[in-house]
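Residues per chain are reported as follows:
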Amino acid sequence: MLIALIARDKPGALQTRLDNRDSHVAYLKESGVVSQAGPLLNADGGMIGSLVVLEVENMAQAEEWAAKDPYKAADLFESVELIPWNKVI
């Protein structure tokens, strides 16, 4: 199943994002369940959140993945949603 993780950064947390970006990107690559991923951007092109599409067996696996994300450990996010997603195109 596909799960869209949509996370919004805490206000003023860009430096936290930058400080933890390398470990986050390594986790994306090494976990084996990320189909697509990238930052959400504001109108000026600044990073303000994340969109990660996970290909997992169930919601519990997606929740476990999210709990182990280095951005979570860094307390970057103001909110995180895990939403089942159906790819059409």
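The structure reproduced in this document is the subject of the present report. The structure displayed is predicted, hence computed values, not measured ones.

As a further point, take the packing of aromatic side chains. A complete count under the given rule lists two aromatic pairs for this structure. Ring geometry for Tyr 27 versus Trp 65: centroids 4.8 Å apart, planes at 25°, classification stacked. Within this pair, whereas Tyr 27 is found in helix H1 (residues 14–31), its partner Trp 65 is found in helix H2 (residues 59–68), the two being separated by 38 residues in sequence. Both rings, one in Tyr 71 and one in Phe 77, keep their centres 5.8 Å apart while their planes meet at 85°; by these two values the pair is edge-to-face. Classification of Tyr 71 by relative accessible area gives buried; the value is 0%. Taking the relative accessible area as the measure of exposure, Phe 77 reaches 12% and is therefore buried.

Let's shift gears to the packing of H1 against H2. When two helices pack together, their arrangement is captured by the angle between the axes and the distance separating the axes. Axis separation between H1 and H2 bottoms out at 11 Å; the angle between their running directions is 150°. Classified by the angle their axes make, H1 and H2 are roughly antiparallel. You can see that H1 and H2 cross each other, and the crossing is right-handed. Residues Tyr 27, Leu 28 and Ser 31 of H1 lie in contact with H2, whose contacting residues are Glu 64, Trp 65 and Lys 68. For the contact of H1 with H2, the residue count by class is three nonpolar, one polar and two charged.

To continue, consider H2. When we look at burial in H2, the residues that qualify are Ala 62, Trp 65 and Ala 66. One side of H2 holds all its buried residues, which, seen down the axis, span an arc of 95°. Buried residues along H2 sit in contact with strand S1 (2–9), H1, strand S2 (34–41), strand S3 (47–55), helix H3 (70–73) and strand S4 (77–85). Two or three places before Ala 60, at the start of H2, stands the capping residue Asn 58, its side-chain oxygen 3.2 Å from that residue's backbone nitrogen.

Position of Glu 78 among the secondary structure elements: in strand S4. The exposed category is assigned to Glu 78, whose relative accessible area is 55%. Each C-alpha atom, one on Glu 78 and one on Ala 7, is 7.5 Å from the other, the two residues being 71 residues apart in sequence.

Reading the values: rules and limits
- Residues numbered from 1 in each chain as written.
- Predicted model: local features only at pLDDT ≥ 70, side-chain atom pairs only at ≥ 80, totals over all residues.
- Heavy atoms only, no water.
- Phe/Tyr/Trp six-rings, centres within 6.5 Å; stacked < 30°, edge-to-face > 60°.
- Helix = DSSP H or I, 4+ residues; strand = E, 2+ residues; numbered from the N terminus.
- Buried < 20%, exposed > 50% of the residue type's maximum accessible area, 1.4 Å probe, protein only.
- Axes fitted to C-alpha atoms, helices over the stretch in contact; angles between N-to-C directions.
- Parallel < 35°, antiparallel > 145°, perpendicular 65-115°, else oblique.
- Left-handed = near helix turned anticlockwise from the far one by under 90°.
- Contact = heavy atoms within 4.5 Å.
- Nonpolar A, V, L, I, M, F, W, Y, C, P; charged D, E, K, R; others polar.
- Arc of directions from axis to C-beta.
- Polar contact = N/O pair within 3.5 Å; in protein donor to acceptor, adjacent residues only side chain to side chain.

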